[in-house]
Amino acid sequence: MKIVLIGPPGAGKGTQAEKLAVHWKIPRITTGDLFRQAVSEKTPLGLKVQGLLEKGSLVPDEIVLGLMEERMSKPDCKTGFILDGFPRTVGQAEGLEKWLGRVGLKLDSVVALEVSKEEAVGRITGRRQCASCGNTYHLHFQPPKQEGRCDVCGGSLVQRKDDEEKTVRHRLEVYDKETAPLLAFYQKKGLLKKVNGLQKPNAVFEEIKASSLIK
Ligand code: ADP
Ligand code: ADP
Ligand code: ZN
């Protein structure tokens, strides 16, 4: 299964990507995590993209495409992958199509997670992430068993710098301008599946699984 998840920040892409990766036993590739890891390790890539991530602006297409082609070429992707947060511009989607053509692959499904702007803002501003293992929580919708502590590893829960409200508004504008046009792009290719992201996480999961099996 080769599937793309599209949705505004806070739509639930990461939450669903994790469930789908376990279900289909294929890797989840999250561009945001790859960039955050590079920033925390202070690699040359990390130093280049740190300012952009903090502002909530997009990393240039050439950088994203180079990183993703390298990642998708790894042996664990032979049986498929879940792309979470990529592509995010029409240029990236065209680059992905070219790469898939070169290696003789095709996407099975592109899932658009639909949520309202208010819901997206509420989800992001309440999002907390484990500083050690990266597991994601929500202050109200998915609270940890013990306040401020990760259920999985006991690490401390922190707020991503770009999840503060003023940056979130900018990220939502970037989504409307740069990423929303991908819906028409994939609709034309007959790959787009719209899923109601406002439901409970398990209901969203069931809908994605069902819609991805329809050709
Ligand atoms: P969210 O899932 O909340 O939308 P991500 O973790 O996917 O956020 O992305 C965080 C940041 O990483 C983005 O604001 C952007 O700076 C950068 N980023 C992630 N994916 C891409 C991409 N495909 N193209 C450009 N920038 C990206
Ligand atoms: P994205 O990767 O699209 O930015 P996340 O999966 O990180 O989104 O989810 C954003 C926040 O909303 C997280 O705090 C998560 O716990 C919470 N969340 C995810 N899915 C749902 C849902 N269906 N209902 C309520 N809260 C959710
Ligand atoms: Zn943890």
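Just so it is clear, the model here is predicted, and its values are computed rather than measured.

Basis of the calculations
- Throughout this description, residue numbers start from 1 for each chain and increase along the sequence as written.
- Following the order in which they are written, the chains are lettered starting with A and the ligands numbered starting with 1.
- Reporting of local features is limited, given that this is a predicted model, to residues whose pLDDT is at least 70; pairs of side-chain atoms are given and counted only at 80 or more, and all residues count toward the totals for whole chains, interfaces and linings.
- Just so you know, side-chain values use all the structure's heavy atoms and leave hydrogens and water out.
- Two rings from Phe, Tyr or Trp (for Trp, the six-membered ring) form a pair when their centres sit within 6.5 Å of each other. Planes less than 30 degrees apart are called stacked, planes more than 60 degrees apart edge-to-face, and all others tilted.
- Burial classification: accessible surface area is computed with a 1.4 Å probe over protein chains only, and a residue below 20% of its type maximum counts as buried, one above 50% as exposed, and the rest as partly exposed.
- Placement of a charge over a ring requires the Lys NZ or Arg CZ to be within 6 Å of the ring centre, with the centre-to-atom vector within 35 degrees of the ring normal.
- In this text, near means that some heavy atom of the residue lies within 4 Å of the molecule or strand in question.
- The term polar contact refers here to a pair of N or O atoms within 3.5 Å; inside protein, the definition further demands a hydrogen-donor-capable atom paired with an acceptor-capable atom, and it admits residues adjacent in sequence only when both atoms are side-chain atoms.
- Only the protein chains shown count as covering a residue, and every accessible area follows the Shrake-Rupley method with a 1.4 Å probe.
- Secondary structure is summarised from DSSP: a helix means a run of H or I of at least four residues, a strand means a run of E of at least two, and numbering begins at the N terminus for each.
- Whether two residues touch is decided by their heavy atoms; if any such pair falls within 4.5 Å, the residues are in contact.
- Coordination here is defined by N, O and S atoms within 2.8 Å of the metal (3.2 Å for Na, K and Ca), and since water is not considered, a site can look incomplete.
- Residues are grouped as follows: Ala, Val, Leu, Ile, Met, Phe, Trp, Tyr, Cys and Pro are nonpolar; Asp, Glu, Lys and Arg are charged; every other residue, Gly included, is polar.

(A) Layout of the packing of aromatic side chains. Evaluated as defined, the whole model comprises one aromatic pair. Measuring from ring centre to ring centre gives 5.0 Å for phenylalanine 185 and tyrosine 186, while their planes differ by 85°; the resulting arrangement is edge-to-face. Both residues of the pair, phenylalanine 185 and tyrosine 186, belong to the buried class. Between lysine 19 and the ring centre of phenylalanine 205, over which it is positioned, the NZ or CZ distance is 5.8 Å.

(B) Structural detail: the site of ligand 2. Taken together, 18 residues form the shell around ligand 2, and within it Lys13, Thr15, Arg127, Tyr137 and Gln142 come nearest. Between arginine 123 and ligand 2, the recorded distance is 3.4 Å, taken from a side-chain N or O atom to a nitrogen atom. One of the backbone nitrogen or oxygen atoms of tyrosine 137 is found 2.7 Å away from an oxygen atom of ligand 2. Protein contacts shield 93% of the accessible area of ligand 2, which totals 560 Å² for the unbound molecule.

(C) Quick look at the environment of arginine 36. Take arginine 36: it is sitting in helix α2 (residues 31-40). Accessibility expressed as a relative area gives 23% for arginine 36, which makes it partly exposed. Taking the C-alpha atoms as reference, arginine 36 lies 22 Å from aspartate 151; in sequence the two are 115 residues apart. Once residues lying within four places of it in the same chain are set aside, the contact partners of arginine 36 are Leu53, Gln129 and Arg160.

(D) Examining the coordination of the zinc ion (ligand 3) more closely. Looking at the metal site, the zinc ion (ligand 3) is ligated by Cys130 (SG), Cys133 (SG), Cys150 (SG) and Cys153 (SG), spaced 2.3 to 2.4 Å from it. Counting the intervening residues between successive donors of the zinc ion (ligand 3) yields the motif C-x2-C-x16-C-x2-C. Pair noted here: cysteine 133 is in the loop between β5 (127-130) and β6 (136-138) and cysteine 153 is in the loop between β6 and β7 (157-158), with a separation of 20 residues, a long-range link. Judged by relative accessible area, which is 42%, cysteine 153 ranks as partly exposed.

(E) Region of interest: the site of ligand 1. The immediate surroundings of ligand 1 are formed by 19 residues, with Thr31, Arg36, Ser57, Gly85 and Arg171 found nearest. One of the backbone nitrogen or oxygen atoms of glycine 85 is found 2.9 Å away from a nitrogen atom of ligand 1. One of the side-chain nitrogen or oxygen atoms of glutamine 92 is found 2.9 Å away from a nitrogen atom of ligand 1. Within the complex, the protein chains bury 97% of what would otherwise be the 560 Å² of accessible surface of ligand 1. Here the shell around ligand 1 takes four residues from α2, the largest share from any one element. Partitioned by chemical class, the residues of the shell around ligand 1 number seven nonpolar, five polar and seven charged.

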